[in-house]
Amino acid sequence: MTDITQPVEPRIESISATVQDYLLLIYILERDQEPVVGSHLADLLGVTPPTVTNTLKRMVRDGWLTMDGRGTHLTTEGLNAAKVIMRRHMLMEWMMEKTLPWSQLHAEAHHLEHAISASAEKALMEQLNNPQNCPHGNPLPGYEQQVAGWVPLTRVEAGKTALIRRIHELAEENNELLTYLESRNLVPGKQVTVCEVLPFNETICVEVGGQQVTLGNAAARYIFVETTQPLI
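When the charged atoms of two side chains with opposite charge come close together, those side chains can pair. In the structure shown here, the tally under the stated rule is ten salt bridges. One salt bridge in this structure joins Arg61 and Asp62, with 3.0 Å as the shortest N-O distance. Overall, the relative accessible area of 33% leaves Asp62 in the partly exposed class. Note that Glu97 and Lys98 form a salt bridge whose closest N and O atoms lie 3.6 Å from each other. A relative accessible area of 78% means that Lys98 is categorised as exposed. Connected through salt bridges with shared partners, the residues Arg31, Asp32, Arg166 and Glu169 form a single ionic network.

Next comes the structure, spelled out in structure tokens:
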């Protein structure tokens, strides 16, 4: 007799790499309560808006998405598949964490996430002691509450100190940014002090490891920190 308490394994093997990329991005946007907008997806994926439109229509046809007056949303099957893909991606990052530079983990895992099987995923979870976050500090599916108290660096006022906890997934898509952050020690686990906030040119200056680094708000908003001090 079938054990109906066991979740049905999403048909990951039948999903193209392109559709998997769309599922991941839409999952992240929905998780963060951001609207799924075609033009935004086009920018993130580096494709044209018509390409996004055509792909989304195919995903609706195949049961991964719904698109109506309430917006674009993952179906239950789409959500389950996205969670599996995300978890496998993050496990690949951990598997290579001692082999590659931190800034290269995301890009390399992107090539490997499509090949891992369910049995390999289970074995890696056990071997890695069931991690709740990836090496960039982002939550594995099911552990979103763990990061709920962390705030963007842009919310910390001058003079306050905070601990970097997370570099958002959307920042991981920018390898040049990750390389820069790693070279300046702006990675999870590092303590930073905000030296100066300049609203007129949308920059923030922080001190980390005795050195000052200036970041644009466009990058700083993807750096999440933990602080016990009152925010602005």
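When two helices pack together, their arrangement is given by the angle between their axes and by how far apart the axes lie. At a minimum axis distance of 11 Å, the contact between helix H1 (residues 17–31) and helix H2 (residues 38–45) shows a crossing angle of 120 degrees. Taken together, the axis directions place H1 and H2 in an arrangement best described as oblique. Where H1 crosses over H2, the two elements pack in a sense that is right-handed. Here Asp21, Tyr22, Leu25, Ile26 and Leu29 of H1 come into contact with H2, specifically with His40, Leu41, Leu44 and Leu45. Class assignment for the residues of the contact of H1 with H2 results in seven nonpolar, one polar and one charged.

Our focus in this paragraph is the domain arrangement of the protein chain. Assigned domains of the protein chain: these are domain 1 (17–78), domain 2 (88–142) and domain 3 (151–226). One C-alpha centre belongs to domain 1, the other to domain 3; they are set 29 Å apart. Listed as interface residues are five residues of domain 1 and, on the opposing side, four residues of domain 3. Taken over both partners, the interface formed by domain 1 and domain 3 buries close to 420 Å², and the fraction arising from carbon and sulfur atoms is 62%. When the area that domain 1 buries against domain 3 is broken down by residue, the three leading residues are Ile28, Arg31 and Leu44, summing to 67%. Remark: the boundary between domain 1 and domain 3 carries one salt bridge. The salt bridge partner of Glu169 is Arg31, with a shortest N-O separation of 2.7 Å. Linking domain 1 to domain 3 there are two residue pairs in polar contact (both at pLDDT 80 or more).

Conventions we followed
- Residues numbered from 1 in each chain as written.
- Predicted model: local features only at pLDDT ≥ 70, side-chain atom pairs only at ≥ 80, totals over all residues.
- Heavy atoms only, no water.
- Salt bridge = Lys/Arg side-chain N within 4 Å of Asp/Glu carboxyl O.
- Buried < 20%, exposed > 50% of the residue type's maximum accessible area, 1.4 Å probe, protein only.
- Axes fitted to C-alpha atoms, helices over the stretch in contact; angles between N-to-C directions.
- Helix = DSSP H or I, 4+ residues; strand = E, 2+ residues; numbered from the N terminus.
- Parallel < 35°, antiparallel > 145°, perpendicular 65-115°, else oblique.
- Left-handed = near helix turned anticlockwise from the far one by under 90°.
- Contact = heavy atoms within 4.5 Å.
- Nonpolar A, V, L, I, M, F, W, Y, C, P; charged D, E, K, R; others polar.
- Domains from an automatic or database assignment.
- Buried area = accessible area lost by both parts, 1.4 Å probe.
- Polar contact = N/O pair within 3.5 Å; in protein donor to acceptor, adjacent residues only side chain to side chain.

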